[in-house]
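Survey of secondary and tertiary structure
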Amino acid sequence: MIYELEGDILLTKAPAIAHGVSPNDHFNAGLALALRELWPGMAKDFRHYAHQAHPKPGELWTYRSADGHTIYNLMTQEGDHASSASGRASIPNVNHVLKRLRHEIEKSSVKSIALPRLATGAGGLDWDQVRPLITHHLGDLNIPVYLYVTYRKGEAGKEAAA
């Protein structure tokens, strides 16, 4: 079930957060930066993973923190390892990675997940194109999906039962 919320995703009670990145992301802006500040090891581990695996847009990389959180890094944006610049997100990338995210959630023990307005910030996509993809891929999951559609710094969203 999807719940649309206002608030600060960093204050979620959900044990999992998913957010969009590029395959060569430096976690130096937006939500990625905020997550890097909470879990500094994540950015370091991602750089190591990206250097070894050379991931492509549409793929997913999972980070599990020492405090029990799961962060799904969804490669919605273009980007390659020869360049440090991240590109724009695309609907095919978002569609593919949401399909992968669903698969990961179904095989995990995650009890709820929080997502921002995926791929609409640095990714540059229109929310009216992305929202239906989230609904299609995650709407019938048997866990709460908290979709933070309006950011309110420092305010906890009214989550049903994380």
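Going by the structure above, here's the rest.
In this report, the structure presented in the accompanying data block is examined. These numbers were taken from a predicted model, which means no experiment stands behind them. (Residues numbered from 1 in each chain as written. Predicted model: local features only at pLDDT ≥ 70, side-chain atom pairs only at ≥ 80, totals over all residues. Heavy atoms only, no water.)

**A look at the sheet that holds strand S3 (residues 60-64)**
The mixed open sheet is built from six strands, whose spatial order is S1-S6-S5-S2-S4-S3. Each end of this open sheet is capped by a strand with a single partner; those strands are strand S1 (2-7) and S3. The average angle at which neighbouring strand axes cross in this sheet is 25°, direction not considered. The sheet contact formed by strand S5 (residues 113-115) and strand S6 (residues 145-151) spans three bridges and is parallel. Considered in S6, the bridge of leucine 115 is made with leucine 147. Packed onto the sheet, helix H3 (residues 91-107) meets strand S2 (16-21), S3, strand S4 (70-75) and S5 and runs at close to 155° relative to S4. In the packing of helix H4 (residues 127-138) onto the sheet, contacts are made with S1, S5 and S6, and the angle to S6 comes to roughly 165°. (Pairing = 2+ DSSP bridges. Helix = DSSP H or I, 4+ residues; strand = E, 2+ residues; numbered from the N terminus. Axes fitted to C-alpha atoms, helices over the stretch in contact; angles between N-to-C directions. Contact = heavy atoms within 4.5 Å.)

**Considering the packing of aromatic side chains**
All chains considered together, the criterion is met by six aromatic pairs. Relative to tryptophan 61, the ring of phenylalanine 46 has its centre 5.4 Å away and its plane inclined at 65°; by these criteria the two rings are edge-to-face. Residue phenylalanine 46 is found in helix H2 (residues 40-53), and its partner tryptophan 61 is found in strand S3; the two are separated by 15 residues along the sequence. Residue class for phenylalanine 46 comes out buried when judged on its relative accessible area of 1%. Joined through ring pairs, the aromatic side chains of Phe27, Phe46, Tyr49, Trp61 and Tyr63 make up one cluster. (Phe/Tyr/Trp six-rings, centres within 6.5 Å; stacked < 30°, edge-to-face > 60°. Buried < 20%, exposed > 50% of the residue type's maximum accessible area, 1.4 Å probe, protein only.)

**Thoughts on the nonpolar core**
One finds Tyr72, Leu101 and Ile113 to be the most contacted residues of the largest nonpolar core, which totals 27 residues. Listed by contribution, the elements that provide at least two residues to this core are S2, S4, H3, S5, H4 and S6. In this structure, isoleucine 113 is in contact with Ala14, Ala16, Ile17, Ala18, Tyr72, Leu101, Ile105, Ile143, Pro144, Val145 and Tyr146, ignoring residues within four places of it in sequence. Core analysis: the next-biggest nonpolar cluster, separate from the first, contains 21 residues, Met42, Trp61, Tyr63 and Ala114 among them. (Core = buried A, V, L, I, M, F, W, Y, C linked by side-chain atoms within 4.5 Å.)

**Considerations on the pairing of S2**
The element S2 is largely enclosed, with a buried count of five among its six residues. Bridge count for S2 against S4 is six bridges, and the pairing is parallel. What sits directly across from glycine 20, in S4, is leucine 74.

**Brief notes about the packing of H3 against H4**
With their axes 9 Å apart at the nearest point, H3 and H4 run at an angle of 25° to one another. Taken together, the axis directions place H3 and H4 in an arrangement best described as roughly parallel. The handedness of the crossing between H3 and H4 comes out as right-handed. In this structure, H3 uses Ile91, Val94, Asn95, Leu98, Lys99, Leu101 and Arg102 to contact H4, whose residues at the interface are Gln129, Val130, Leu133, Ile134, His137 and Leu138. Split by residue class, the contact of H3 with H4 holds eight nonpolar, three polar and two charged. (Parallel < 35°, antiparallel > 145°, perpendicular 65-115°, else oblique. Left-handed = near helix turned anticlockwise from the far one by under 90°. Nonpolar A, V, L, I, M, F, W, Y, C, P; charged D, E, K, R; others polar.)

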